[in-house]
Amino acid sequence: MPPNAESAAFRSALEVIRAVEPRVADAIGAELVDQRESLKLIASENYASPATLLAMGNWFSDKYAEGTVGRRFYAGCQNVDTVEALAAEHARELFGASHAYVQPHSGIDANLVAFWAILADRVESPALKRAQARHVNDLTEQDWFALRRELGDQRMLGMSLDAGGHLTHGFRPNISGKMFDQRSYGTDPATGLVDYDRVAEAAREFRPLVLVAGYSAYPRKVNFRIMREIADSVGATFMVDMAHFAGLVAGKVFTGDFDPVPHAHIVTTTTHKSLRGPRGGMVLCGPELADQVDRGCPMVLGGPLPHVMAAKAVALAEARRPDFAAYAQRIVDNAQALADGLLRRGATLVTGGTDNHLVLIDVTGYGLTGRQAEQALLDSGIVTNRNAVPQDANGAWYTSGIRIGTPALTTRGLGTAEMDGTAELIHTVLSQTSAGANPDGTASKAKYVLDPALADKVSRQAGELLAGFPLYPNVDLG
Ligand SMILES: *Cc1c(COP(=O)(O)O)cnc(C)c1O
């Protein structure tokens with residue numbers, strides 16, 4: 001590959017776009033500048049490789065490909081078949097799964113596919129059989145009512161939102177909370193850790209059809225062998241949503257009891273978080289659920305995105321290389337260095353540390369809400385997001401936590417020394433920020449006071465930390 005191939009590719013693409021709508025080309029260029037300049041600690045974000053990004057920008061986007069490999073409802077899908085089969089093969093090999101479905105457009109979509117597959121597999125429903133024998137467009141109003149009647153009231157047990165669970169694990173703002181009667185398990189108030197005895201007790205009482213493990217904001221490993229035993233003890237289907245930590249599974253940092261694939265009946269994931277692929281989702285399962293999972297489109301999903309499946313194939317091929325395992329280990333090393341740096345400076349962390357890619361700071365120790373802390377850090381060039389902590393007194397909007405993660409900065413090449421520097425910057429901002437007051441004198445949960453000169457200084461220091469680690473070093477847009 002010529003040394004300037006990546007620059008040439010992106011420059012040419014922008015030139016072609018600029019000729020039609022220059023403002024879009026400008027926004028794309030500006031996004032690269034912003035990404036390069038920000039200290040990105042959002043635990044769910046990453047930087048996909050140029051090859052992954054380029055695999056998405058082409059005529060695969062023009063193709064309809066409803067159906068599965070070799071069995072499409074549209075003609076002329078041979079090349080889509082090639083990339084979908086490749087993506088699925090890489091996924092099976094990488095994760096040791098017997099079946100991979102790579103069509104879901106996002107993590108939420110992957111979960112919906114899994115939920116329907118589980119319902120279809122587990123619940124005796126003539127209406128569902130009728131529905132699956134036809135195209136969704138041919139279903140009558142009565143069919144839908146019957147489906148609702150026969151599938152309603154199934155039970156799901158998942159991790160509570162404030163302990164780090166995800167909205168799609170049966171919570172009201174998501175359709176899963178309407179599909180299922182949900183109950184959740186929290187974490188031990190003293191340690192912040194999953195208490196498996198309590199999960200087992202909840203399962204015995206509630207008798208869920210589905211037990212869900214997986215999280216967006218839990219900084220520790222989960223023992224999936226124990227969770228599977230709990231599911232088996234009540235006859236539940238065990239599903240793991242590894243959206244956040246799929247990269248750590250792919251990179252063999254999570255093995256044995258902590259690798260969900262051998263223990264779960266079905267595993268869902270995003271492809272764009274620690275796995276570092278294109279924005280999308282995926283489902284892995286054994287042969288028992290494979291047929292139902294493959295019905296994802298059109299039962300649950302819109303038409304597949306062949307250009308994104310092409311990019312998934314590229315990113316999964318990258319994740320099978322030895323350097324990805326080294327990357328995954330560095331993600332965890334960096335998260336632990338960040339946690340240690342914060343603890344040494346006096347911060348309070350949920351569970352007292354981390355053994356994955358994320359750290360959850362309880363910012364009430366700094367006298368702040370999550371919202372105040374998030375904004376103060378943003379003013380200082382540090383991009384994070386606010387997040388509830390267990391039993392959060394400030395609720396889901398203001399919150400008491402800041403969630404930070406290392407997959408993105410680790411991709412850039414930052415190491416443990418820079419994580420200590422990052423901890424210093426975060427601690428400086430949080431300890432120098434104070435809560436603001438409302439006009440009537442009461443304490444505000446949103447307003448805060450931070451000296452702009454300090455924010456500027458930290459911004460500059462953040463820039464200096466990043467300077468040695470250029471993002472997309474072979475992409476020069478001129
Ligand atoms: C991010 C996330 C999702 C949703 O992924 P999208 O691609 O945004 O739909 C689902 N589950 C968990 C646990 C997540 O962290």
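Residues numbered from 1 in each chain as written. Predicted model: local features only at pLDDT ≥ 70, side-chain atom pairs only at ≥ 80, totals over all residues. Heavy atoms only, no water.

## Considerations on the sheet that holds strand S10 (residues 281–285)
Sheet strands pair via backbone hydrogen bonds, and the direction of the pair is either parallel or antiparallel. If you trace the seven strands from one edge of the open sheet to the other, you get S4-S10-S9-S8-S7-S5-S6, paired in mixed fashion. Of all the strands in the sheet, just strand S4 (99–101) and strand S6 (180–185) have a single pairing partner and so form its edges. Strand-to-strand twist across the sheet, computed as the mean angle between neighbouring axes with direction ignored, equals 20°. Sheet analysis places strand S8 (residues 237–241) next to strand S9 (residues 266–270), joined by three bridges and oriented parallel. (Pairing = 2+ DSSP bridges. Helix = DSSP H or I, 4+ residues; strand = E, 2+ residues; numbered from the N terminus. Axes fitted to C-alpha atoms, helices over the stretch in contact; angles between N-to-C directions.)

## Some details on the sheet that holds strand S13 (residues 385–387)
Spatial strand order, S11-S14-S13: three strands in an open sheet with antiparallel pairing. Each edge of the sheet is formed by a strand with only one pairing partner; in this case those strands are strand S11 (358–362) and S13. Strand-to-strand twist in this sheet, taken as the mean axis angle between neighbours without regard to direction, amounts to 35°. Where S11 and strand S14 (residues 401–405) come together, five bridges link them in antiparallel fashion. Looking at the pairing, Ile361 lines up with Ile402 of S14. With respect to the sheet, helix H16 (residues 370–379) is in contact with S13 and S14, its orientation differing from that of S14 by roughly 45°. (Contact = heavy atoms within 4.5 Å.)

## What to know about unusual backbone geometry
Cis geometry marks the peptide bond from Cys297 to Pro298; its omega dihedral reads 10°. Within the chain, Gln391 stands out as a residue other than glycine whose phi angle is a positive 50°. Relative to the elements of secondary structure, Gln391 occurs in the loop between S13 and helix H17 (395–398). For Gln391, a relative accessible area of 53% puts it in the exposed group. Backbone geometry places Thr399, a non-glycine residue, at a positive phi of 60°. With respect to the element layout, Thr399 can be found in the loop between H17 and S14. (Buried < 20%, exposed > 50% of the residue type's maximum accessible area, 1.4 Å probe, protein only.)

## Description of empty space enclosed by the protein
Across all of its chains, the model carries one cavity of 30 Å³ or more by this definition. Along its surface, the largest cavity is lined by Val113, Trp116, Ala117, Ala120, Gln132, Gln292, Arg295, Gly296, Met299 and Val300. If you list the elements that add at least two residues to the lining of the largest cavity, you get helix H5 (107–122) and helix H13 (296–299). Take the lining of the largest cavity: its biggest share by element is four residues, from H5. (1 Å grid on protein atoms, 1.4 Å probe; cavity = no way out; pocket = protein on both sides within 12 Å on 5 of 7 lines; lining within 4 Å. Points joined across faces, edges and corners; volume = space filled by probe spheres on them.)

## Things to note about the domain arrangement of the chain
You'll often see interface size given as the accessible area lost when the parts meet. Under the domain assignment, the chain is made up of domain 1 (59–319) and domain 2 (322–467). Domain 1 and domain 2 are separated by 30 Å when their C-alpha centres are compared. In this assembly, 27 residues from domain 1 lie in contact with 27 residues from domain 2. Taken together, the connections running from domain 1 to domain 2 amount to one salt bridge. Arg220 is paired through a salt bridge with Asp355; the nearest N and O atoms lie 3.5 Å apart. The interface formed by domain 1 and domain 2 includes 13 residue pairs in polar contact (both at pLDDT 80 or more). (Domains from an automatic or database assignment. Salt bridge = Lys/Arg side-chain N within 4 Å of Asp/Glu carboxyl O. Polar contact = N/O pair within 3.5 Å; in protein donor to acceptor, adjacent residues only side chain to side chain.)

## Notes on the packing of helix H19 (residues 416–432) against helix H20 (residues 452–467)
The N-to-C vectors of H19 and H20 enclose an angle of 170°; their axes lie 11 Å apart at closest approach. Our classification of the angle between H19 and H20 gives roughly antiparallel. For the pair H19 and H20, the contacting residues are Glu418, Gly421, Thr422, Leu425, Thr428, Val429 and Gln432 in the first and Leu454, Val458, Gln461, Ala462 and Leu465 in the second. Partitioned by chemical class, the residues of the contact of H19 with H20 number six nonpolar, five polar and one charged. (Parallel < 35°, antiparallel > 145°, perpendicular 65-115°, else oblique. Nonpolar A, V, L, I, M, F, W, Y, C, P; charged D, E, K, R; others polar.)

## Considering the packing of aromatic side chains
Going through the model one piece at a time under the given rule, you end up with eight aromatic pairs. Aromatic pair Phe115 and Phe180: ring centres 5.5 Å apart, planes at 75°, arrangement edge-to-face. With a gap of 65 residues between them, Phe115 in helix H5 and Phe180 in strand S6 connect regions that are remote in the sequence. Judged by relative accessible area, which is 1%, Phe115 ranks as buried. (Phe/Tyr/Trp six-rings, centres within 6.5 Å; stacked < 30°, edge-to-face > 60°.)

## With respect to the site of the ligand
Near the ligand you find 13 residues, and of these Gly107, Ile108, Ser216, Asp241 and Lys273 are the closest. Separating an oxygen atom of the ligand from a side-chain N or O atom of Ser106 is a distance of 3.1 Å. Measuring from an oxygen atom of the ligand, one finds a side-chain N or O atom of Ser216 at 2.8 Å. Its free accessible area being 390 Å², the ligand has 86% of it covered by the protein chains. For the shell around the ligand, the residue count by class is three nonpolar, eight polar and two charged. (Near = heavy atom within 4 Å. Areas by Shrake-Rupley, 256 points an atom, 1.4 Å probe, with all protein chains shown as cover.)

## Focus on H20
Its 16 residues give H20 an end-to-end C-alpha distance of 22 Å, which sits within 8% of 22 Å, the value for a rise of 1.5 Å per residue. For H20, every residue scored as buried is listed here: Leu454, Ala455, Val458, Ala462, Leu465 and Leu466. The arc that holds the buried residues of H20, viewed along the axis, is 115°, so those residues lie on one side. H20 presents Pro452, Arg460, Glu464 and Ala467 as exposed residues on the side facing more than 90 degrees away from its buried surface. As for H20, its buried residues are in contact with helix H2 (22–37), strand S1 (39–40), H16, strand S12 (382–383), helix H18 (407–412) and H19. (Expected span 1.5 Å × (residues − 1). Arc of directions from axis to C-beta.)

## Observations concerning the nonpolar core
If you look at the biggest cluster of nonpolar residues, it comprises 60 residues, and the most contacted ones within it are Phe95, Leu211, Leu275 and Leu284. Both domain 1 (59–319) and domain 2 (322–467) contribute no fewer than three residues apiece to this core. Leaving out residues up to four positions away in the same chain, Leu211 has contacts with Leu157, Tyr185, Val199, Met227, Ile230, Ala231, Ala236, Thr237, Phe238 and Met239. (Core = buried A, V, L, I, M, F, W, Y, C linked by side-chain atoms within 4.5 Å.)

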